Amino acid sequence: MARATPKIAARNAHARAILGPDLSERLAETKVLLVGAGGIGCELLKNLVLTGFGHITLLDLDTIDLSNLNRQFLFRKKDVKKSKAMVSAQTAGPFNPNVQIQPIHGNIKDPQFDMEWFRSFDIVLNALDNLDARRHVNKMCMAAQVPLVESGTAGYLGQVQPLLKDRTECFDCIPKPTPKTFPVCTIRSTPSQPIHCIVWAKSYLLGQFFGEDEDASGELDEAEKQGENAQEIATLRKEAQAFKAVRAALRSKDSSGNAARMAFEKASRGKFPRTVFDSDIRNLLSMSDMWRSRAPPVPLDFDAIMKGSFVLRGTSTVTPTTNANGNKRAATNGQNSASTAGLKDQRALSLQENLALFVSSTERLAARLRAGEETISFDKDDDDTLDFVTAAANLRSAAYGITGKSRWEIKEMAGNIIPAIATTNAIVAGLIVLQAMQLLKKSYGTLRNVHLQFKPSMPLSTVMISPPNNSCGICRNTYTSIQCDPAKVTLGQVVRGILGDVDREVSVYEDRRVLCDPDWDDNNERTLESLNVTRGKFLTIVDEDGEIATIEIGICNLPSNHSGDPLILPSPLPDPPRKTKVSPPSPSTPPKKRPAPDDEDVTELEPAMKRLKTNGASNPNLYTPTKKRRLEDDGLVLLDTPNEKVEDDDVIEID
């Protein structure tokens, strides 16, 4: 190893003094993959550079948004809309010119980032806020057997978790809660909470007007199978057909200037069969059974609201709604509110102002479609879609008597935003580096899961790492990789090559697709490419008898200078361990509780009672509190003295 120049030695003197010469020199040669350049990623990149990690690959798909600047300190206003990975590398690079930072603006799930690519790193550090991406990185690190430090924050809370195959549990060893979903009829017909209206505006109405023309019959068929209201589902089927005409009108240049009114009031002029905020609600009101136990909704009138003459449950349409504290606020939002003082996004909107915002946002989105955009989906940083969801959700809330939300609140709820705090990110980033040091030193006994908690007396807590979960479908699998030309190699060649001389009945999967099983081998002679099994994907071989562990095969490209066999198998071949099966008890196994013997086979014995210390008391308590409690659980009441009487008629005294 080359000796450091005096200038480099002086720059690294502080880190060298803390880490020691050996570890300090190792860090200069360490190859780190940092996934994510957001709140945690910016802090973590700065820490890695100043600590002296010599080779850092930084990958992030996102671009910089104005809302990032309050906590992601590597970015400036001039950087908005630029790649986070590129800008953060340019900003952090001068902190330590001896460090090489390779930024990549891409998706970690892209096929070029395969097992061989992950194996080129000494350690991987996750700074992601996306569950699917975190699970993908976890699987790739388990497959490549590369140490991973997982992390996350939520407001003042944070956690850091070192992960290493066969030594610690992995990210998927503990099932993660699934995102909350709502029944389709609740969202479409009977909302009762603000989130129901927000999900309806974001996932349903925005998609119906400006998204892909999807056939809703599948969703409704599934809802019908789940036993949801058949009458409501029939109504929703008619509604799905009606939206097609509105979609066409919003995309037509002939309807320019009137798109919003058509979206709001499709039925009032007789041109279209339904309306979102009027006829739809009137149709629901005709189902009287639905409103026996809940307040019925109120149809909204476009013209009356715009004129300010519409009265909703005794409240004028121009009266601002109240905030969470019950305080009335001036309601301003939308394009005409730029000059209004204060935090406009946190102001409540009146019904009239929500309708004005609905009109404005619908016209803007329709203009984008006419200008060439094929589809428009929700993005919390897209003002047009956020305004549309805000207005539509609040209009629906008003119709159903639900408290409206501010634009800021709807952005948080629709964008699944968890408040981010710069201090939390900084603390977690420091803890990541500390755990990474232990992994690099192979000091596995000192690894800890660290939690940042909302307790002033103990803000940090550590937990011993847990062993792998034997039933985990990720880290308990046996991983290997092949290098091949998918256009020339068949599925059967791969399976036979990996299993070798082992003759077992197996099924082969790619993700959730069944490619072959013992009774169906039609795909065995097809090439991997024809089956869409290419670089970056996994073939999964499952033993039908369940006796050996599952084998996962990562597909990698052949070396650039390779000429010859289109398939290079691993050496040695994978040797999956045998699974330990817990045999069910045989029918002949006697039950835990023995049957009561016949009376004639029983010899009564006087139980020997252990003498208790009485300390001179004439009537000692012969039963411990624990034993007394157990007997009482069995329905027995113990008396303290022989002369004590029980007054309850339901109690039978036993001598």
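Since the model is a prediction, treat every value here as computed from it, not as a measurement. (Residues numbered from 1 in each chain as written. Predicted model: local features only at pLDDT ≥ 70, side-chain atom pairs only at ≥ 80, totals over all residues. Heavy atoms only, no water.)

Draft legend 1. Spotlight on the packing of aromatic side chains. What the rule picks out here adds up to 10 aromatic pairs. Ring centres 5.0 Å apart and planes at 80 degrees place the aromatic pair W117 and F121 in the edge-to-face group. Arranged with centres 6.2 Å apart and planes meeting at 80 degrees, the rings of Y479 and F538 form a pair that is edge-to-face. Remark: F538 occurs in strand 14 (residues 538–543) and Y479 occurs in strand 11 (residues 478–484); sequence separation between them is 59 residues. Neither residue differs from the other here; Y479 and F538 are each classed as buried. Through a chain of ring-to-ring contacts, the aromatic side chains of F113, W117, F118 and F121 assemble into a single cluster. (Phe/Tyr/Trp six-rings, centres within 6.5 Å; stacked < 30°, edge-to-face > 60°. Helix = DSSP H or I, 4+ residues; strand = E, 2+ residues; numbered from the N terminus. Buried < 20%, exposed > 50% of the residue type's maximum accessible area, 1.4 Å probe, protein only.)

Draft legend 2. Representation of the packing of helix 9 (residues 194–210) against helix 16 (residues 383–399) in the model. Across the interface, helix 9 lies against helix 16 with an axial gap of 9 Å and an inter-helix angle of 120 degrees. Between helix 9 and helix 16, the interaxial angle falls into the category oblique. For the pair helix 9 and helix 16, the crossing hand works out as right-handed. Judged by residue contacts, C197, I198, W200, A201, K202, L205, L206, F209 and F210 of helix 9 engage T385, F388, V389, A392, A393, R396 and S397 from helix 16. (Axes fitted to C-alpha atoms, helices over the stretch in contact; angles between N-to-C directions. Parallel < 35°, antiparallel > 145°, perpendicular 65-115°, else oblique. Left-handed = near helix turned anticlockwise from the far one by under 90°. Contact = heavy atoms within 4.5 Å.)

Draft legend 3. Inspection of the sheet that holds strand 6 (residues 157–163) at higher detail. Here we have 8 strands laid out as an open sheet, ordered 3-2-1-4-5-6-9-10, and mixed in their pairing. A strand with exactly one partner marks an edge of an open sheet, and here the two such strands are strand 3 (100–105) and strand 10 (460–464). Within this sheet the neighbouring strands show an average axis-to-axis angle of 15 degrees, counted without direction. In this structure, strand 1 (residues 31–35) lies alongside strand 2 (residues 55–60), joined through 5 bridges in parallel fashion. Each residue of the ladder has a partner; that of V35, found in strand 2, is L59. Contacts from helix 4 (residues 39–51) reach strand 1, strand 2, strand 3, strand 4 (123–126) and strand 5 (148–154), with the element oriented near 165 degrees to strand 1. Along the sheet, helix 18 (residues 422–440) makes contact with strand 4, strand 5, strand 6, strand 9 (448–452) and strand 10, crossing strand 5 at roughly 165 degrees. (Pairing = 2+ DSSP bridges.)

Draft legend 4. Representation of helix 17 (residues 407–414). The set of residues buried in helix 17 consists of R407, I410, K411 and A414. The arc that holds every buried residue of helix 17, seen down its axis, measures 105 degrees, which confines them to one face. Against helix 9 and helix 16 lie the buried residues of helix 17. (Arc of directions from axis to C-beta.)

Draft legend 5. Region of the structure containing helix 5 (residues 84–92). Every buried residue of helix 5 is accounted for by K84, A85, V87, S88, A89 and A92. Lining the buried residues of helix 5 we find helix 4, strand 2 and strand 3. Its side-chain oxygen at 3.3 Å from the backbone nitrogen of A85, S83 defines the N-terminal cap of helix 5. (Polar contact = N/O pair within 3.5 Å; in protein donor to acceptor, adjacent residues only side chain to side chain.)

Draft legend 6. Seen up close, the nonpolar core. Ranked by internal contacts, the top residues of the largest apolar core, which has 46 residues, are F209, F210, F358 and F388. Put simply, the parts of the chain that give this core at least two residues each are helix 9, helix 11 (230–251), helix 12 (259–264), helix 14 (302–307), helix 15 (351–370), helix 16 and helix 17. Counting 39 residues, the second largest nonpolar core, distinct from the first, contains L23, L45, L74 and A92. (Core = buried A, V, L, I, M, F, W, Y, C linked by side-chain atoms within 4.5 Å.)

Draft legend 7. Local environment of the pairing of strand 15 (residues 551–557). Where burial is concerned, most of strand 15 is hidden: 6 out of the 7 residues are buried. One ladder, built from 7 bridges, connects strand 11 with strand 15; its direction is parallel. Its bridge partner lying in strand 15, S481 is registered against G554. Where strand 14 lies against strand 15, 4 bridges are found, and the strand directions are antiparallel. The partner of I541 across the bridge, within strand 15, is I551.

Draft legend 8. Focus on the confidence of the model for the chain. Averaged over the chain, the pLDDT score is 80; the fraction of residues at 70 or greater is 72%. Here residues 599–624 is a poorly scored stretch, pLDDT under 50, and it has 7 contacts once near neighbours within four places are set aside; other chains count. (pLDDT = per-residue confidence, 0-100.)

Draft legend 9. Spotlight on the UniProt feature "binding site: Zn(2+)" (unreviewed entry) in the chain. Feature annotation in UniProt assigns "binding site: Zn(2+)" (unreviewed entry) to the following positions: C170, C173, C472 and C475. Across 306 residues, the annotated set stays spatially compact, with a maximum C-alpha separation of 8.5 Å. Here C472 shows up in the loop between strand 10 and strand 11. What C472 contacts, discounting residues up to four positions off in sequence, is C170, D172 and C173. Within the element layout of this structure, C475 appears in the loop between strand 10 and strand 11. Apart from residues no more than four positions distant in its own chain, C475 is found in contact with M142, K165, D166, C170, C173 and P468. (UniProt positions renumbered as here; feature names shortened; annotations may be inferred.)

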